[in-house]
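So you can see what is in the structure, the chains are spelled out below.
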Number of protein chains: 2
Amino acid sequence: METLRERKKQRTRDALVRAAVELFTSQGYDRTTVDDIAAAVDVSQRTFFRYFAGKEEAALALQDMVVARFVASVRERPSHETPLEAMRQAVVEGWDTINEIIESVVPVEQYLRMYSVIESSPVLLAAHLRRSTETEERLAHVLAEREGVDLDTDPRPRLAVAVFSGVMRVTERQWTMAGDFSLETMREMTISYLEQVGPTLTENWRTH
Amino acid sequence: METLRERKKQRTRDALVRAAVELFTSQGYDRTTVDDIAAAVDVSQRTFFRYFAGKEEAALALQDMVVARFVASVRERPSHETPLEAMRQAVVEGWDTINEIIESVVPVEQYLRMYSVIESSPVLLAAHLRRSTETEERLAHVLAEREGVDLDTDPRPRLAVAVFSGVMRVTERQWTMAGDFSLETMREMTISYLEQVGPTLTENWRTH
DNA sequence: GAGGCTAGTGACAGCCTCTGACAATTGACA
DNA sequence: TGTCAATTGTCAGAGGCTGTCACTAGCCTC
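What you are looking at is a predicted structure, and each value in this text was computed from that prediction instead of being measured. (Residues numbered from 1 in each chain as written. Chains lettered and ligands numbered in written order. Predicted model: local features only at pLDDT ≥ 70, side-chain atom pairs only at ≥ 80, totals over all residues. Heavy atoms only, no water.)

**Let's talk about the packing of aromatic side chains**
Item 1. Applying the stated criterion to the full structure yields 14 aromatic pairs over all chains.
Item 2. Ring geometry for F48(A) versus F49(A): centroids 5.3 Å apart, planes at 85°, classification edge-to-face.
Item 3. Seen from their ring centres, W175(B) and F181(B) are 5.6 Å apart, and the 90° between their planes marks the pair as edge-to-face.
Item 4. K55(A) extends its terminal NZ or CZ atom over the ring of Y29(A), reaching a point 4.3 Å from the ring centre. (Phe/Tyr/Trp six-rings, centres within 6.5 Å; stacked < 30°, edge-to-face > 60°. Lys NZ or Arg CZ within 6 Å of the ring centre and 35° of its normal.)

The following block contains the structure:
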């Protein structure tokens, strides 16, 4: 972020993300064209595509920031924690520090609203899920290193991450459907669902 | 499949899927245009889009058939099995009966090769993952009914399905990466990975 | 601080996916 | 056989995305 060039570039990028999120949350993802976004920032459409590989990437830029922080957070967890504990703590901690990450680009409120946008747009949801698998792969590497196991021969890191991500995905979805867009609710659901995984897999559901 | 019209339609659809899979597995997904597929079957591009909502749908048509069978299979499992047992049995059983489902449209070998195509094409993988979430939702309904719990208030069906799907997804991916496209290997990996989930979540990975 | 160098941009042109509208064709059925 | 409905082809066009090329503005050296 030293030179004027770099600062200018960052400003353009932020402006594009801001405009994109603004338009997506107000008009919807499909009803917003790349031209709209470019026009809102007063750059050419071609320039938009120099910053983002596609419309999706602009929509998921905020997610990327949060996810990157989450992965880093897991890596920094004390090594006495089990993989699941480490991921759990990192997520919960994440919900508390979201402001710091997002607020520099858009209001947190708008970030939360993007969850609905993502969930309600098939193409966007698809892109989000694919990116999540990339995150999972990165996470698996982190866990393997933490626990000192070989990712090529030991499937456990990937299995643990897959299970964890599955639960988080359900949480995300249920939270969105509930329509209560508060961080507090999200926090509670995260903890609650993660607690229930064990019993769900082992205990009998039928109570009679 | 009574009238001539219906038979003709089915034949066109099968021909499109066949041509699509043929082209995708030989040239790759991105290097195959909808025009190519339509031309191979000698119908107009517009007709293609009357059969499939998009290029992806044609590519995932075979998957759909297999998945539909899987969900039905879970529904038919004896009620004394736990949810996880039922899903596990349904999958393993599925690998044994795949021929019957697929062979009527394309050789099984080609179906297996589509896994690589899906895995190596970002857009296609994204579409696949999104569709998987829809399957998960359907599965959750099946489990909820089986166990007699309320899906609106009880997260356990969705959690169980999410965990199971997560494991299956890892299996799928590792199988594809291994490059050994035999049903036998897939079968073994499925069973092996599902067995390891429990220990992975509870036991200590560090053996010293 | 002048001039060369290069990253970043705008302006086209063009490909591909996908959709709406309307006309032409073909099967269904009285 | 004639009418009706379903299926298809043709045409037109929007929108996402990419290559190309010229141009401007920041940067760096002398």
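**A few points about the protein's contact with DNA strand D**
Item 1. Near DNA strand D there are 22 residues, and of these L4(A), R46(A), T47(B), R50(B) and Y51(B) occur at the shortest range.
Item 2. Atoms of DNA strand D within 4 Å of the protein: sugar and phosphate make up 56%, bases the balance.
Item 3. A distance of 3.1 Å is found between a phosphate oxygen of DNA strand D and a side-chain nitrogen or oxygen belonging to K9(B).
Item 4. In the model, a phosphate oxygen of DNA strand D is placed 2.7 Å from a nitrogen or oxygen of the Y51(B) side chain.
Item 5. Every element with two or more residues in the surface near DNA strand D is listed here: α1 (4-27) and α3 (45-51) of chain A together with α1 (4-27) and α3 (45-51) of chain B. (Near = heavy atom within 4 Å. Polar contact = N/O pair within 3.5 Å; in protein donor to acceptor, adjacent residues only side chain to side chain. Helix = DSSP H or I, 4+ residues; strand = E, 2+ residues; numbered from the N terminus.)

**Concerning the protein's contact with DNA strand C**
Item 1. Around DNA strand C, the structure places 23 residues, and the nearest of them are K9(A), T47(A), R50(A), R46(B) and K55(B).
Item 2. Here the atoms of DNA strand C within 4 Å of the protein split so that 55% fall in sugar or phosphate, with bases taking the remainder.
Item 3. Between a phosphate oxygen of DNA strand C and a side-chain N or O atom of K9(A), the distance comes to 2.9 Å.
Item 4. Taking S44(A), its main chain carries an N or O atom lying 3.0 Å from a phosphate oxygen of DNA strand C.
Item 5. Elements supplying a minimum of two residues to the surface near DNA strand C: α1 and α3 of chain A together with α1 and α3 of chain B.

**Digging into the interface of chain B and chain A**
Item 1. On the chain A side, the residues contacting the 38 residues of chain B number 38 residues.
Item 2. When the two sides are added together, the surface that chain B and chain A hide from each other amounts to roughly 3400 Å², 70% of it contributed by carbon and sulfur.
Item 3. Area buried by chain B at its contact with chain A is led by L159(B), W205(B) and R206(B), which between them contribute 23% of it.
Item 4. In this assembly, chain B and chain A are joined by 3 salt bridges. (Contact = heavy atoms within 4.5 Å. Buried area = accessible area lost by both parts, 1.4 Å probe. Salt bridge = Lys/Arg side-chain N within 4 Å of Asp/Glu carboxyl O.)

**Some remarks on empty space enclosed by the protein**
Item 1. Applying the stated rule across the entire model yields 1 cavity of 30 Å³ or more.
Item 2. Each pocket or cavity is described by its volume, and for the largest cavity that value is around 140 Å³.
Item 3. R169(A), V170(A), R173(A), T133(B), E136(B), E137(B), A140(B), R158(B), V161(B) and A162(B) are the residues that line the largest cavity.
Item 4. Counting residues per element, the ones that place at least two in the lining of the largest cavity are α10 (156-178) of chain A together with α9 (122-147) and α10 (156-178) of chain B.
Item 5. Among the elements that take part in the lining of the largest cavity, α9(B) stands out by supplying 4 residues, more than any other.
Item 6. Class assignment of the residues belonging to the lining of the largest cavity gives a composition of 4 nonpolar, 1 polar and 5 charged. (1 Å grid on protein atoms, 1.4 Å probe; cavity = no way out; pocket = protein on both sides within 12 Å on 5 of 7 lines; lining within 4 Å. Points joined across faces, edges and corners; volume = space filled by probe spheres on them. Nonpolar A, V, L, I, M, F, W, Y, C, P; charged D, E, K, R; others polar.)

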